[in-house]
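Residue-level listing of the chains:
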Amino acid sequence: MTEISIIIPIYNAEKYLPKCLDALINQTYKDIEIICINDGSTDNSLKILNQYSLQDKRIKVQTQANSGPAIARNLGLKIATGKYLMFCDSDDWYEPDMCEVMHKTIISQKVDVVVCGCHIIEEDDNGRPQGELAYYQNKYEKLQDITPKLIKNTNVLLWNKIFKNSLIQRYNIKFPIGYMGEDSCFYWQYMSVAQTAYYLSDKLYNYLRRGNSIMGQVFSKSGQVKYDTLYALEYYYKFLCSHKLQHQKSELFKDLYIENWHFCTSFMTEKQYDKAYKIFKQFCETLPQEQAKQLKQIIKPHYALRIGNFKIMEFSSQKFIEEGSKQLYFDMRLTLFSKINLFNISQKKSLLRGKILGLCVFKMKK
């Protein structure tokens, strides 16, 4: 049995693949297998993989018809022999001692998962918000019990963590097929059955931020991937039900759904929001009545008066409870001709503000 299996899904990555593979075969810790799943690449990726596998027998190459990273990673899970699992994206690379440090920590600390830091490299002006960078920073240090708060405040990234394969096999944790957001879903499943975590300050992973990546599509108004997070949450709920954890994790699930709803819809057009709300309503029909009611108290539809496709007036209402401070944010507005804000009332922390035609008519602290 290998100690560490590293799973890499690969699709048309010839530009980045050599650097990724060089970093892996030159790790200071040698007892690893590098599972490369070629997801129907049409460039020279497969040729590069075969060349490297001839040089290093730890590299295992599997090829499948183009099916997406979820199916590729599930295949990697199926053939992995390692006691521990790590992931890498084909356009990123490990620091030379990443496997050694992660392996040593998960054994010495006797935890279920280890989380390290990362270097972020911008490939170009990718149009992604710089405020997003804080998401990649660890908010915890050293040994921690895994609580709902910790699950929500830890990034869902796969590549900055080492997992126990035994836990993955015991709970049959897999990646959902048919949509993106599979990283989040894998993370939620694993952390819901894990007990302890250890956080390292060491930046052991190098993440290349690209504008045309899947995450880049989330910030694009035309990107369809933003709906996939909602489907991933549905898959996660089914996982909880299959292991009779839905009652124990009900509060966690509610908070995750609301948090991800607000993140996804903040990048949506009006029509995209309407589609997302239909997905939400259909999902609520499968939930216990009380749980559906709690979600509907926070997540609201947009109401609009139209003549044909021409929108005359719209009413929208949003609520959000900030994690940590537990402060309520809300915003209600009435808009004419999609542009003129007739009326707007909002609360942020203790400040309540009302506007008419964009002009503040009252401001008060509660």
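Scroll up to find the structure this text is about.
Residues numbered from 1 in each chain as written. Predicted model: local features only at pLDDT ≥ 70, side-chain atom pairs only at ≥ 80, totals over all residues. Heavy atoms only, no water.

Peer 1: When you look at helix α4 (residues 98–108) in this model, what are you seeing that I'm missing?
Peer 2: Because the α-helix completes a turn every 3.6 residues, residues three or four places apart line up on one side. Of the residues making up α4, those classed as buried are Met98, Cys99, Val101, Met102, His103, Thr105 and Ile106. Remark: Lys110 follows α4 within two positions and exhibits a positive phi of approximately 55°. (Buried < 20%, exposed > 50% of the residue type's maximum accessible area, 1.4 Å probe, protein only. Helix = DSSP H or I, 4+ residues; strand = E, 2+ residues; numbered from the N terminus.)

Peer 1: Teacher, can you tell me more about the nonpolar core here?
Peer 2: The nonpolar side chains of a soluble globular protein tend to be buried, and buried together. In terms of nonpolar packing, the biggest core is built from 62 residues, with Phe186, Tyr190, Tyr236, Tyr257 and Trp261 touching the most fellow members. Per element, the largest residue contribution to this core is eight residues, and it comes from helix α9 (residues 225–242). Those residues in contact with Phe186, other than ones at most four positions away along the chain, are Leu77, Phe87, Leu158, Phe163, Ile168, Ile173, Lys174 and Phe175. Counting 40 residues, the second-largest nonpolar core is a separate cluster that includes Ile25, Ile34, Leu49 and Tyr94. (Core = buried A, V, L, I, M, F, W, Y, C linked by side-chain atoms within 4.5 Å. Contact = heavy atoms within 4.5 Å.)

Peer 1: Where do I start with a nonpolar patch on the surface in this structure?
Peer 2: Taken together, the side chains of Phe337, Ile340, Phe343, Ile356, Leu357, Val361, Phe362 and Met364 define a hydrophobic patch exposed on the protein surface, amounting to about 700 Å² of accessible area. Elements with a minimum of two residues in the nonpolar patch: β13 (340–348) and β15 (359–365). Here the nonpolar patch gets three residues from one element, more than from any other, and that element is β15. By the secondary structure assignment, Phe343 is in strand β13. We classify Phe343 as partly exposed; its relative accessible area is 36%. (Patch = residues over 30% accessible without salt bridge, like charges linked within 9 Å, V, L, I, M, F, W, Y side chains within 5 Å. Areas by Shrake-Rupley, 256 points an atom, 1.4 Å probe, with all protein chains shown as cover. Salt bridge = Lys/Arg side-chain N within 4 Å of Asp/Glu carboxyl O.)

Peer 1: I tried to follow the environment of Lys15 on my own but got confused; where do I start?
Peer 2: Counting through the fold element by element, Lys15 comes out in the loop between β1 (4–10) and α1 (17–25). The exposure class assigned to Lys15 is exposed, which follows from its relative accessible area of 63%.

Peer 1: Can you help me understand the packing of helix α3 (residues 69–79) against helix α7 (residues 182–193) in this one?
Peer 2: Contact pair α3 / α7: the axes reach a minimum separation of 10 Å and the direction vectors enclose 40°. One way to sum up the angle between α3 and α7 is to call them oblique. Two secondary-structure elements touch here, α3 through Pro69, Ala70, Arg73 and Leu77 and α7 through Glu182, Asp183 and Phe186. Split by residue class, the contact of α3 with α7 holds four nonpolar, no polar and three charged. (Axes fitted to C-alpha atoms, helices over the stretch in contact; angles between N-to-C directions. Parallel < 35°, antiparallel > 145°, perpendicular 65-115°, else oblique. Nonpolar A, V, L, I, M, F, W, Y, C, P; charged D, E, K, R; others polar.)

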